Amino acid sequence: MRRLRYNVAVSLDGFIARPGGEYDWIVMDPTVDFAALFREFDTLVMGRRTFDNLRAQGADAPAFGMKLVVVSRTLTATDYPGAVVFHGDISQQIAALKEEAGKDIWLFGGGVLFRSLLDAGLVDSVELAVMPILLGEGRPVLPPGADSGPLRLSGSRILPSGIALLSYEVPAARGRRGE
């Protein structure tokens, strides 16, 4: 089964974007091999706001060579032919996506989508690139909700820029899958 990995940059105070969705605060570290990271995935999953922010800044996820899945209550497939649009029972659709053959799935953003998929027991790992900055306000890495239970540290590394890369496995048997 494919793994759903929440891989995201986060500020020291727990935000993944400024209040308006901007991510201009993310430190670029030349030691990060983005090409190698992208090769680990063949599908990007993101919420509508993340999708809109990327498009506004000129990014084109299909150009990364990945299938793009946008979770939205309002977007239709005809609005953006390069994307697959999920709406309705998102948990069931993501579970089906994980059953398909392929590489891991990158849960690219945002926090609300992460919260819903974590609550559904579908997130396999949380991979944070903790930036050496305090934003003071913004969009949280995880909106309020139920306690996830303890995560298991599976990797850590400090980059020359001060970025801390932290990887945590989400225990498979948390009693929430299938509820």
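Whatever comes next refers back to the structure up there.
This text gives an overview of the structure that appears in the document. These figures come from a predicted structure and were not determined experimentally.

**Digging into the overall build of the protein chain**
So, point 1. The number of helices and strands found in the protein chain is 4 helices and 10 strands.
So, point 2. Its C-alpha radius of gyration of 16 Å places the protein chain within 12% of the 16 Å reference for a compact globule of 179 residues.
So, point 3. Over its C-alpha atoms, taken along the principal directions, the protein chain stretches across nearly 40 × 40 × 30 Å.
So, point 4. Looking at the 179 residues of the protein chain, the share that counts as buried comes to 44%.
So, point 5. When the accessible surface of the protein chain is totalled, it reaches about 9200 Å², and 57% of it is carbon and sulfur.

**What about unusual backbone geometry?**
So, point 1. A cis geometry characterises the amide bond from glycine 109 onward to glycine 110, with omega recorded as 0°.
So, point 2. Turning to its location among the elements, glycine 110 is positioned in the loop between strand 6 (104-109) and helix 4 (111-119).

**Section: the packing of aromatic side chains**
So, point 1. Per the stated rule, a full pass over the model turns up 6 aromatic pairs.
So, point 2. A ring pair is formed by phenylalanine 34 and phenylalanine 38, whose centres lie 6.4 Å apart and whose planes are at 40°; its orientation type is tilted. Separated by 4 residues within a single helix, phenylalanine 34 and phenylalanine 38 lie in helix 1 (residues 34-39), roughly one turn from each other.
So, point 3. A residue is classified by how much of its surface remains accessible, and phenylalanine 38, at 22% relative accessible area, is partly exposed.
So, point 4. Geometrically, the ring pair formed by phenylalanine 41 and tryptophan 106 is tilted, given 4.9 Å between the ring centres and 35° between the ring planes. Remark: tryptophan 106 occurs in strand 6 and phenylalanine 41 occurs in strand 3 (residues 41-47); sequence separation between them is 65 residues.
So, point 5. By relative accessible area, tryptophan 106 is classed as buried at 5%.
So, point 6. Joined through ring pairs, the aromatic side chains of Phe34, Phe38, Phe41, Trp106 and Phe108 make up one cluster.

**Things to note about helix 3 (residues 90-99)**
In an α-helix, one full turn covers 3.6 residues, which means residues spaced three or four apart are oriented alike.
So, point 1. Residues Ile90, Ile94, Leu97 and Lys98 constitute the buried set of helix 3. Taken down its axis, helix 3 places every buried residue within 100° of arc, on the same side. Opposite the buried face of helix 3, at more than 90 degrees from it, the exposed residues are Gln92 and Glu99.

**What about the pattern of salt bridges?**
So, point 1. Taken as a whole, this structure holds 12 salt bridges when the rule is applied.
So, point 2. Between aspartate 104 and arginine 5 there is a salt bridge, and its shortest N-O distance comes to 3.0 Å. One end of the pair, aspartate 104, is in strand 6; the other, arginine 5, is in strand 1 (residues 4-11), with 99 residues separating them in the sequence. The pair aspartate 104 / arginine 5 is uniform in exposure class, with both members buried.

**Details of helix 2 (residues 48-56)**
So, point 1. Taken together, the buried positions of helix 2 are occupied by Thr50, Phe51, Asn53 and Leu54. The buried side chains of helix 2 occupy one side of the element, clustering within an arc of 165° when seen end-on.
So, point 2. Residues of helix 2 that are buried make contact with strand 3, strand 4 (67-71), strand 6 and strand 8 (139-140).

**Details of the sheet that holds strand 7 (residues 125-131)**
So, point 1. Judged by pairing direction, the sheet is mixed, and its 8 strands sit side by side in the order 5-4-3-6-1-7-10-9 without closing on themselves. The open sheet has two free edges, formed respectively by strand 5 (84-86) and strand 9 (152-158), since each of these has just one partner strand. Within this sheet the neighbouring strands show an average axis-to-axis angle of 20°, counted without direction.
So, point 2. Looking at chain direction, strand 9 and strand 10 (residues 164-169) are connected through 6 bridges and run antiparallel. The residue of strand 10 that forms the bridge with arginine 152 is glutamate 169.
So, point 3. Each of strand 3, strand 4 and strand 6 is contacted by helix 2, which is oriented at about 105° to strand 3, the strand it contacts most.
So, point 4. The strands that helix 3 touches are strand 1, strand 3, strand 4, strand 5 and strand 6; relative to strand 5, the one it contacts most, it runs at about 135°.

The rules behind each value
Residues numbered from 1 in each chain as written. Predicted model: local features only at pLDDT ≥ 70, side-chain atom pairs only at ≥ 80, totals over all residues. Heavy atoms only, no water. Helix = DSSP H or I, 4+ residues; strand = E, 2+ residues; numbered from the N terminus. Rg over C-alpha atoms; globule rule 2.2 N^0.38 Å. Buried < 20%, exposed > 50% of the residue type's maximum accessible area, 1.4 Å probe, protein only. Areas by Shrake-Rupley, 256 points an atom, 1.4 Å probe, with all protein chains shown as cover. Phe/Tyr/Trp six-rings, centres within 6.5 Å; stacked < 30°, edge-to-face > 60°. Arc of directions from axis to C-beta. Salt bridge = Lys/Arg side-chain N within 4 Å of Asp/Glu carboxyl O. Contact = heavy atoms within 4.5 Å. Pairing = 2+ DSSP bridges. Axes fitted to C-alpha atoms, helices over the stretch in contact; angles between N-to-C directions.

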